[in-house]
Amino acid sequence: MKNDMARILFTEEQILEKVRDLGVRLTEDYKGKSPIFLGVLKGSFVFLADLMRQVGVSCQVEFMAVSSYGSGTNTTGAVRITKDLNTDIEGRHVVIVEDILDSGLTLHYLLRYLKGMNPASVRICTLLDKPERRRAAVDAAYTGFQIPDAFVVGYGLDYAERYRNLPYIGILKPEIYEECDA
Ligand code: PRP
């Protein structure tokens, strides 16, 4: 799989150091609040698993699945909930955990959806942010790394469901997705 990378953007060590920093901030900010960490499947599962173990406050984990991409590299723009929440979030502090904030369409939709359930607060924690690609106004309270507009995989992020198991984050060689999308 390493041969499919144009370059490695963040090593396993760099990611874990960043995750530790985010965990420290979340621990401080959510003291006494018992937050719900809401992972958006599938991409966030690796980040969420590491992040939770760096958070030192009592918390709960929940998952939703939302889909806006086909097997290609660009969002179709239409957001669809494929797995809904099955817990009541009214009056609770929710932290949406994402692997990547790209066009912002997914999180824009999710934020509106969740705010309709009257949580005490909703914030976003994303490992990666690609601000250049934003199409909907969404800001994350917690961001790991801002990245350029390149197609990244690994540490939960996929291309056509592959590469999620890489322990690092790499930029995929364009010929890999150009071949598949042709
Ligand atoms: C990715 C990512 C976010 C979304 C961000 O999910 O996990 O949910 O895209 O993109 P946006 O800001 O342009 O909306 P994807 O639909 O690829 O599904 P996956 O998590 O199952 O890989």
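Please refer to the structure placed before this passage.
Starting afresh in each chain, residues are numbered from 1 along the sequence in its written order. Local features in this predicted model are restricted to residues whose pLDDT is 70 or higher, and side-chain atom pairs enter the listing and the counts only when it is 80 or higher, whereas totals over whole chains, interfaces and linings include all residues. No hydrogens and no water enter the side-chain calculation; it runs on all heavy atoms of the structure.

Novice: I keep staring at the overall build of the protein and nothing clicks. Help me out?
Specialist: Each helix corresponds to a stretch of at least 4 residues labelled H or I by DSSP, and each strand to a stretch of at least 2 residues labelled E; elements are numbered beginning at the N terminus. In terms of helices and strands, the protein carries four helices and nine strands. Reading the protein from its N end, one meets helices and strands in the order β-α-β-α-β-β-β-α-β-β-β-β-α. Dimensions along the principal axes, computed over C-alpha positions, put the protein at roughly 50 × 35 × 25 Å. A total of 182 residues make up the protein; the buried ones form 48% of that total. Within the structure as shown, the protein displays about 9,000 Å² of accessible surface, and the carbon and sulfur contribution to it stands at 47%. Only four residue types enter the charge count: Lys and Arg as positive, Asp and Glu as negative, with His and the chain ends excluded. Every charge is mapped onto a representative atom, which is NZ of Lys, CZ of Arg, CG of Asp or CD of Glu. Here the protein contributes 22 positive and 25 negative side-chain charges, whose respective centroids are spaced 3 Å apart. When accessible area is computed with a 1.4 Å probe and restricted to protein chains, residues below 20% of their type maximum are described as buried, those above 50% as exposed, and intermediate ones as partly exposed. Throughout, the Shrake-Rupley method with a 1.4 Å probe supplies accessible areas, and for residues the shown protein chains are the sole cover considered.

Novice: Would you take a moment to explain helix H1 (residues 12-29) for this structure?
Specialist: An α-helix turns once every 3.6 residues. As a result, residues three or four positions apart point the same way. By this rule, a helix spans an expected 1.5 Å times one less than how many residues it contains. The first and last C-alpha atoms of H1 sit 26 Å apart over 18 residues, in line with the 26 Å expected at 1.5 Å per residue. Regarding H1, the residues found buried are Ile 15, Val 19, Leu 22, Gly 23, Leu 26 and Thr 27. Looking down the long axis of H1, one finds its buried residues gathered within 135 degrees of arc, a one-sided arrangement. For H1, the exposed residues set more than 90 degrees away from the buried face come down to Glu 13, Glu 17 and Val 24. Picture the helix axis, draw a direction to every C-beta atom, and the arc is the one those directions span.

Novice: What is the right way to look at the packing of H1 against helix H2 (residues 45-52) in this model?
Specialist: Pairs of packed helices are described in terms of their axes, by the angle between the two and the distance that separates them. Relative to each other, H1 and H2 sit at 60 degrees, their axes nearing to 9 Å. When the interaxial angle is binned, H1 and H2 end up oblique. Crossing geometry of H1 relative to H2 is assigned as right-handed. For the pair H1 and H2, the contacting residues are Leu 16, Val 19, Leu 22, Gly 23 and Leu 26 in the first and Phe 47, Asp 50 and Leu 51 in the second. Think of it as three bins: nonpolar holds Ala, Val, Leu, Ile, Met, Phe, Trp, Tyr, Cys and Pro, charged holds Asp, Glu, Lys and Arg, and polar takes everything else, Gly as well. Classifying every residue of the contact of H1 with H2 gives six nonpolar, one polar and one charged. Axis definition: a line fitted to C-alpha atoms, limited for helices to the stretch in contact. Angles are taken between N-to-C directions and run from 0 to 180 degrees. Reported orientations rely on four angle classes, namely roughly parallel under 35 degrees, roughly antiparallel over 145, roughly perpendicular from 65 to 115, and oblique for the rest. By definition, turning the near helix anticlockwise from the far helix through less than a right angle yields a left-handed crossing, and turning it clockwise yields a right-handed one. By definition, residues are in contact when any of their heavy atoms lie within 4.5 Å.

Novice: Honestly, unusual backbone geometry in this entry has me stumped. Any pointers?
Specialist: Negative phi is the rule for most residues except glycine; trans is the rule for most peptide bonds. Omega for the bond connecting Leu 41 with Lys 42 falls within 30 degrees of zero, at -5 degrees, which places this linkage in the cis form. Among the structural elements, Lys 42 can be located in the loop between strand S2 (36-41) and H2. Phi at Tyr 155 takes a positive value of approximately 50 degrees, unusual for a residue other than glycine. Note on placement: Tyr 155 falls in the loop between strand S8 (152-153) and strand S9 (169-172). The class for Tyr 155 is buried, based on a relative accessible area of 4%.

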